[in-house]
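Chain and residue survey
Okay, here's what each chain looks like letter by letter:
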Amino acid sequence: MLAAHGDEAKLLAGGQSLVPLLALRLARCEHLIDINGVDALKTITRANGSLRIGAMVRQATIEADLTLLEAAPLLTLATPHIGHFQIRNRGTIGGSVAHADPAAEYPAVAVALDAEIEIASATSRRAVAATDFFDGAFSTALEDDELLVAIILPVWSGQSGFAIREVARRHGDFALAGAAVGIQVDQQANIDRAAVVLFGVGNQPQRATAAEAALLGMPLEKLNTAELGRLATTDLLVIDDGHASASYRRRVGAHLAGNAIASAVRHICEEEEKEV
Amino acid sequence: MTEPIPVTTTVNGVPHNAAVEARKTLADYLREDCLVTGVHLGCEQGACGACTVLLDGIAVRACLLFAVQVDGSTVTTAEGLMDPDGTLSTVQEAFRNCHGLQCGFCTPGFVISATAFLENHPHPTLDDIRTGLSGNLCRCTGYQGIVAAVQQAASKLSTRSGSEDKQ
């Protein structure tokens, strides 16, 4: 159907972003294709060190799923930041990622965890790395005839910690700035994997490559999180709009990134104490 | 324009059959086809929460769903929370006791949200309640009374379930 109608058709997932856009006449389409009845898109499976989450898995399901909390804590931590519980009862992970709102949490989580986005059309299937999937505000690698099928998240090792922080005008509102962080350590408690992703500050979630590089190889106890937070905003493209100025976003982003790094480190230390 | 599509639902225990346009929202369907006017439309974009209803027991925005999507489902609105004889539910009673409403426009949405919230959070803290209700707006800003009402309902419901456990 998508192939037949091209850009005159839109897929309807949870409808918590698309329907408001239609109501406000900011988006219009001749055909809405409701995929809520497709049960094959609602499964969560774990195999070969990764999680495959179907596009139509609802945010409320993710929030309550203990397997996900264990295997992809960042996803669970991010979920309560999305809208309100009534919104999460309908909203889906695939819808959120495909919508690619610059301030949305799941796209940032997908980038931070090095997710792959599984895409299908009537005739072909492909997977795109999350970093390449988002190419601007509300803009993705999806073609008109393609459907986002699943998000594949690599499971990080047990010695890892995650955190997400954001600032919004009101609870549940769009983030003016946010940071999602993942840190993994080796046997000697030196950092061997680091993800620092800022969202809400630019047109798409952005990796703070300078901060990530600075984290790699560092022993946990030697981190200067305030300095790392500042570093996290040096190589970003930051937007200036009616909601917040670019300098505000940069300052808040730096603070949130530092705070999230500190929190992720705390998680690792707490886990170690539990094991001892 | 497409042909109307038949939709069958049970709203507050009453079966409804209607043919509706594909573009009609659940909120408009409930008000216009089922004549359940406790569903209030404020923003019509999912922000204010006035149209919140229970769809198969789960709180959702009726303005962000299309009627054709809920074919075969059960919908409960604020009217459906009370007993058939007019006895108010615990949450409704608490809203009345605590002056949890001023103009009343947002009230049906708040009552539905609070009912769903308390089912999942039987012993909420004050912060839990404020977060749980953050998806509903009261433009009279009568939040103190609303929060007090939810606190009272929570304590009444937990006392009741506690005594049931003992039996």
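Residues numbered from 1 in each chain as written. Chains lettered and ligands numbered in written order. Predicted model: local features only at pLDDT ≥ 70, side-chain atom pairs only at ≥ 80, totals over all residues.

So, the overall build of chain A
Going by this rule: Put simply, DSSP marks the helices as runs of H or I at least four residues long and the strands as runs of E at least two long, and each gets a number from the N terminus on. C-alpha atoms define the radius of gyration, and 2.2 Å times the number of residues to the power 0.38 defines the globule rule. Residue burial is a threshold on neighbouring C-beta atoms within 10 Å of the residue's own C-beta, all placed from the backbone, with 20 or more meaning buried, 12 or fewer meaning exposed, and counts in between meaning partly exposed. Contact between residues is assigned whenever the C-beta positions, reconstructed from backbone atoms, fall within 7 Å.
Along its length, chain A carries twelve helices and 13 strands. For 276 residues, the compact-globule estimate of 2.2 N^0.38 gives 19 Å, and chain A sits close to it at 18 Å. Dimensions of chain A along its principal axes, counting C-alpha atoms only, are 55 × 45 × 30 Å. A buried classification covers 48% of the 276 residues belonging to chain A. Put simply, of all contacts in chain A between residues at least 6 apart along the chain, 64% involve residues at least 24 apart.

Thoughts on the domain arrangement of chain B
Residue and element names in this part refer to chain B. Applicable threshold: For every domain, the bounds stem from an assignment made automatically or drawn from a database. The nonpolar class holds Ala, Val, Leu, Ile, Met, Phe, Trp, Tyr, Cys and Pro. Asp, Glu, Lys and Arg form the charged class, and all remaining residues, Gly among them, are polar.
According to the domain assignment, chain B consists of domain 1 (5-77) and domain 2 (90-166). Measuring from the centre of the C-alpha atoms in domain 1 to the corresponding centre in domain 2 gives 22 Å. Opposite the twelve residues of domain 1 that make contact, domain 2 presents ten residues. Ranked by residue count, the leading element in the side of domain 1 that touches domain 2 is strand β3 (residues 52-55), at three residues. Taken together, the residues of the side of domain 1 that touches domain 2 sort by class into seven nonpolar, five polar and no charged.

Structural notes on the domain arrangement of chain A
Residues and elements named next belong to chain A. Domain annotation for chain A reports domain 1 (38-154) and domain 2 (160-275). Look at where the C-alpha atoms of domain 1 and domain 2 centre, and you get two points 20 Å apart. On the side of domain 2, 19 residues touch domain 1, which itself brings 21 residues to the contact. Within the residue set of the side of domain 1 that touches domain 2, elements represented by two or more residues are α5 (73-78), α8 (105-112) and β7 (134-136).

A word on the confidence of the model for chain B
The cut-off we apply is this: Each residue gets a pLDDT score, which is the predictor's confidence in that residue and runs from 0 to 100.
For chain B, the mean per-residue pLDDT works out to 94, and 96% of the residues sit at or above 70. Quick note on the complex model: pTM equals 0.93, ipTM equals 0.92.

Quick notes on the pairing of strand β4 (residues 58-61) of chain B
A regular strand places its side chains on the two faces of the sheet in alternate fashion. Inclusion rule: In this scheme, strands are said to pair when DSSP sees at least two bridges between them.
In this structure, β3(B) lies alongside β4(B), joined through four bridges in antiparallel fashion. Opposite B:L55, over in β4(B), you have B:I58 as the bridge partner.

A look at the interface of chain B and chain A
Listed per partner, the contact involves 17 residues of chain B and 16 residues of chain A. Those elements giving two or more residues to the side of chain B that touches chain A turn out to be β4 and α5 (126-132) of chain B. Considering every element that reaches the side of chain B that touches chain A, the biggest residue donor is β4(B), with four residues. Its residues placed into classes, the side of chain B that touches chain A shows five nonpolar, ten polar and two charged.

Topic: the sheet that holds strand β5 (residues 116-120) of chain A
The pairing of strands in a sheet happens through backbone hydrogen bonds and is either parallel or antiparallel. All names here are of chain A. Quick note on the threshold: Lines fitted to C-alpha atoms define the axes, with helix axes restricted to the stretch in contact, and inter-axis angles between N-to-C directions lie between 0 and 180 degrees.
Strand order across the open sheet formed by five strands is β3-β4-β9-β5-β6, with antiparallel pairing between neighbours. Every other strand in the sheet has two partners, leaving β3 (44-47) and β6 (125-129) as the edge strands with one partner each. The average angle at which neighbouring strand axes cross in this sheet is 25 degrees, direction not considered. As judged from the five bridges shared by β5 and strand β9 (residues 147-154), these two strands associate in the antiparallel manner. Counterpart to E116 in the pairing with β9 is I152.

Focus: the packing of helix α3 (residues 90-97) of chain B against helix α4 (residues 107-120) of chain B
Residue and element names in this part refer to chain B. For clarity, the cut-off: Here the angle decides the label: under 35 degrees means roughly parallel, over 145 means roughly antiparallel, 65 to 115 means roughly perpendicular, and every other value means oblique. Crossing chirality is assigned from the near helix's rotation relative to the far helix, an anticlockwise turn below a right angle marking it left-handed and a clockwise turn marking it right-handed.
Two elements in contact, α3 and α4, have axes separated by 9 Å at closest approach and are oriented at 125 degrees. Considering their axes alone, α3 and α4 lie oblique with respect to each other. Once α3 is placed against α4, the crossing between them reads as right-handed. When α3 is examined against α4, the residues V91, Q92 and F95 are found in contact with a partner set consisting of T107, V111, A114, T115 and L118. Taken together, the residues that form the contact of α3 with α4 break down as five nonpolar, three polar and no charged.

Some points on unusual backbone geometry
Residues other than glycine seldom take positive phi values, yet A:R25 does so here, at roughly 60 degrees. Along the chain, A:R25 turns up in the loop between α2 (18-23) and β2 (31-34). When the 7 C-beta atoms within 10 Å are taken as the criterion, A:R25 is described as exposed. In the Ramachandran plot, B:T141 falls in the positive-phi region, its phi being about 60 degrees despite a non-glycine side chain. Inspection of the secondary structure puts B:T141 in the loop between α5 and α6 (143-166). On the basis of neighbour counts, which here come to 9 C-beta atoms within 10 Å, the residue B:T141 falls in the exposed class.

Focus on the environment of A:P205
All names here are of chain A. Within the element layout of this structure, P205 appears in the loop between β12 (191-199) and β13 (206-207). Here the alpha-carbon distance between P205 and A264, two residues 59 residues apart in the chain, equals 19 Å. Dropping the residues within four chain positions of it, P205 is found in contact with P107, A108, V111, F134, V197 and F199.

Quick word on helix α1 (residues 26-33) of chain B
All names here are of chain B. Burial in α1 covers these residues: L26, A27, D28, Y29 and L30. Looking at the buried positions of α1, the neighbouring elements they touch are β1 (5-11), β2 (14-20) and β5 (74-76). Looking one or two places after α1, you find L35, whose phi comes out positive at around 55 degrees.

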